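# Structural characterization, general
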Amino acid sequence: MVTHVSAEARGDERGALIAFVEAQRGGIRRSVIGLTDEQANARPSASELTLGGLVKHVAETELNWLRMAQQKPNERARTQETWGDSFRLVEGETLAGALAFWAEVARETDAFIRGVPSLDDTFPLPEAPWFPKDGAVSMRWLMLHLVEEIGRHAGHADIVRESLDGKTAFELVALEQGYPSQS
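Here's a quick rundown of the structure.

What counts and what doesn't
Throughout this document, residue positions are counted from 1 along each chain, in the order its sequence is written. Where local features are concerned, this predicted model is filtered to residues with pLDDT of at least 70; where side-chain atom pairs are given and counted, the filter is 80 or more; whole-chain, interface and lining totals use all residues. Remark: hydrogens and water are excluded; side-chain values derive from all non-hydrogen atoms of the structure. The way it works is that DSSP assigns letters per residue, a run of H or I at least four long becomes a helix, a run of E at least two long becomes a strand, and they are numbered from the N terminus. Taken over C-alpha atoms, the radius of gyration is set against a globule rule of 2.2 Å times the number of residues to the power 0.38. Partly exposed describes any residue whose relative accessible area lies between the buried limit of under 20% and the exposed limit of over 50%, with all areas from a 1.4 Å probe on protein chains only and scaled to the type maximum. Residue contacts are defined here by distance: any two heavy atoms, one from each residue, within 4.5 Å place the two residues in contact. The Shrake-Rupley method, run with a 1.4 Å probe sphere, supplies the accessible areas, and residue values consider only the shown protein chains as cover. By the counting rule applied here, Lys and Arg register as positive and Asp and Glu as negative, while His and the ends of each chain are not counted. The location of each charge is read from NZ of Lys, CZ of Arg, CG of Asp or CD of Glu. What we call a nonpolar core is a set of buried Ala, Val, Leu, Ile, Met, Phe, Trp, Tyr and Cys residues that are connected through their side-chain atoms within 4.5 Å. Geometry of aromatic contacts follows a simple scheme: Phe, Tyr and Trp rings, the Trp one being its six-membered ring, pair when their centres are within 6.5 Å, and the pair is stacked under 30 degrees between planes, edge-to-face over 60, tilted otherwise. For cavity detection a 1 Å grid was placed over the protein atoms alone, and a set of points counts as a cavity when a 1.4 Å probe fits there but cannot get out; an open set counts as a pocket when protein lies on both sides within 12 Å along at least five of seven lines, with lining residues being those that have an atom within 4 Å of a point. Grid points are joined across faces, edges and corners, and a volume is the space filled by probe spheres set on the points. Ten residues, namely Ala, Val, Leu, Ile, Met, Phe, Trp, Tyr, Cys and Pro, are considered nonpolar, four, namely Asp, Glu, Lys and Arg, are considered charged, and the remaining ones, Gly among them, are considered polar. For a helix, the expected span equals 1.5 Å multiplied by the residue count minus one. When a carboxyl oxygen of Asp or Glu lies within 4 Å of a side-chain nitrogen of Lys or Arg, that pair is called a salt bridge.

### So, the overall build of the protein chain
A tally of regular secondary structure across the protein chain gives six helices and two strands. Shown N-terminal to C-terminal, the secondary structure of the protein chain runs as helices and strands in the order α-α-α-α-β-β-α-α. For the protein chain, the C-alpha radius of gyration of 17 Å lies close to 16 Å, the compact-globule estimate for 183 residues. Here the C-alpha coordinates of the protein chain stretch approximately 50 × 45 × 25 Å along the principal axes. Put simply, the protein chain has 183 residues, and 43% of those count as buried. Look at the contacts in the protein chain between residues 6 or more apart in sequence, and 68% of them connect residues 24 or more apart. Summed over its atoms, the accessible surface of the protein chain is roughly 10,100 Å², and 54% of this surface lies on carbon and sulfur atoms. Taking the average location of the 19 positive side-chain charges in the protein chain and that of its 28 negative ones, the two points are 2 Å from each other.

The structure is reproduced here in structure tokens:
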């Protein structure tokens, strides 16, 4: 869903990058407006994606990239056996809990980016077949990648929500802004 991203202060590249990441986060957060945990866990199509699972996945993905950039261990690292659980709320998890966790990760990401000496600073990529050997990326790349990653899943969330109850991204923006529902 296209929403207006406010212009950054002149020369504030960090602010611009954070604003665009936040715009994509907002797309996913809006997709769960007014849903119960049961609705957030519903699979209204052949896909295994659920809205609660998408919230959890983007939160964990953002945390993983943040920890790589900080060069710290990821306290929520996944294994091959637990990878699927990153796409669904499991026993004891709630939509509210996933949103709260993501809000904390987002605050930490934004503060980290505001505090790094330079957006040109780099961190190493993990060893994986899809990354170059001994690859490294900049903090700028990190933020652009988060726009891409979260934006892709915001599109999934739009489709899942519309399949769930017919609410479109336009309606959810209106609801978020306090306008009455059109449905």
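Still more to cover.
### A short note on the nonpolar core
Counting 41 residues, the largest nonpolar core has Trp-65, Ile-113, Phe-123 and Met-139 as its most contacted members. Contributing elements (two or more residues each) for this core: helix H1 (13-31), helix H3 (51-70), helix H4 (95-115) and helix H5 (139-165). Broken down by element, the residue count for this core peaks at ten residues, all from H3. Sequence-distant contacts of Ile-113, that is, excluding residues within four places in its chain, are made with Arg-14, Ile-18, Leu-119, Met-139, Leu-142 and Met-143.

### Focus: the packing of aromatic side chains
Under the defined criterion, the tally for this structure stands at five aromatic pairs. Centre to centre, the rings of Trp-65 and Phe-123 are 6.4 Å apart; their planes meet at 70 degrees, and the pair counts as edge-to-face. Of the two residues, Trp-65 sits in helix H3 while Phe-123 sits in strand S1 (residues 122-124), which places them 58 residues apart along the sequence. Summarising the burial analysis for this pair, Trp-65 and Phe-123 share the class buried. Taken together through their ring pairs, the aromatic side chains of Trp-65, Phe-123, Trp-130, Phe-131 and Trp-141 make up a single cluster.

### Examining the layout of surface pockets
Sizing a probe to match a water molecule and rolling it over the atoms shows the empty space that remains. One number sums up the size of the largest pocket: a volume of about 640 Å³. Lining the largest pocket we find 22 residues, and of these Asn-64, Trp-65, Met-68, Trp-83 and Trp-130 sit closest to its centre. Mapped onto the lining of the largest pocket, the elements with two or more residues apiece are H3 and H5. Here the lining of the largest pocket is built from residues that sort into nine nonpolar, eight polar and five charged.

### Focus: H5
For H5, built from 27 residues, the straight-helix expectation of 39 Å at 1.5 Å per residue is met to within 8% by its first-to-last C-alpha distance of 38 Å. Turning to H5, its buried residues are Met-139, Leu-142, Met-143, His-145, Leu-146, Glu-149, Ile-150, His-153, Ala-154, Ala-157, Val-160 and Arg-161. Directly after H5, the chain includes Gly-166, whose backbone phi takes a positive value near 85 degrees.

### Notes on the pattern of salt bridges
Considering all chains together, one arrives at 16 salt bridges under this definition. Linking Glu-176 and Arg-30 is a salt bridge whose minimum nitrogen-to-oxygen distance equals 3.2 Å. Within this pair, whereas Glu-176 is found in helix H6 (residues 169-176), its partner Arg-30 is found in helix H1, the two being separated by 146 residues in sequence. Using a relative accessible area of 44% as the deciding quantity, one classes Glu-176 as partly exposed. Exposure remark for Arg-30: the relative accessible area of 8% places this residue in the buried category.

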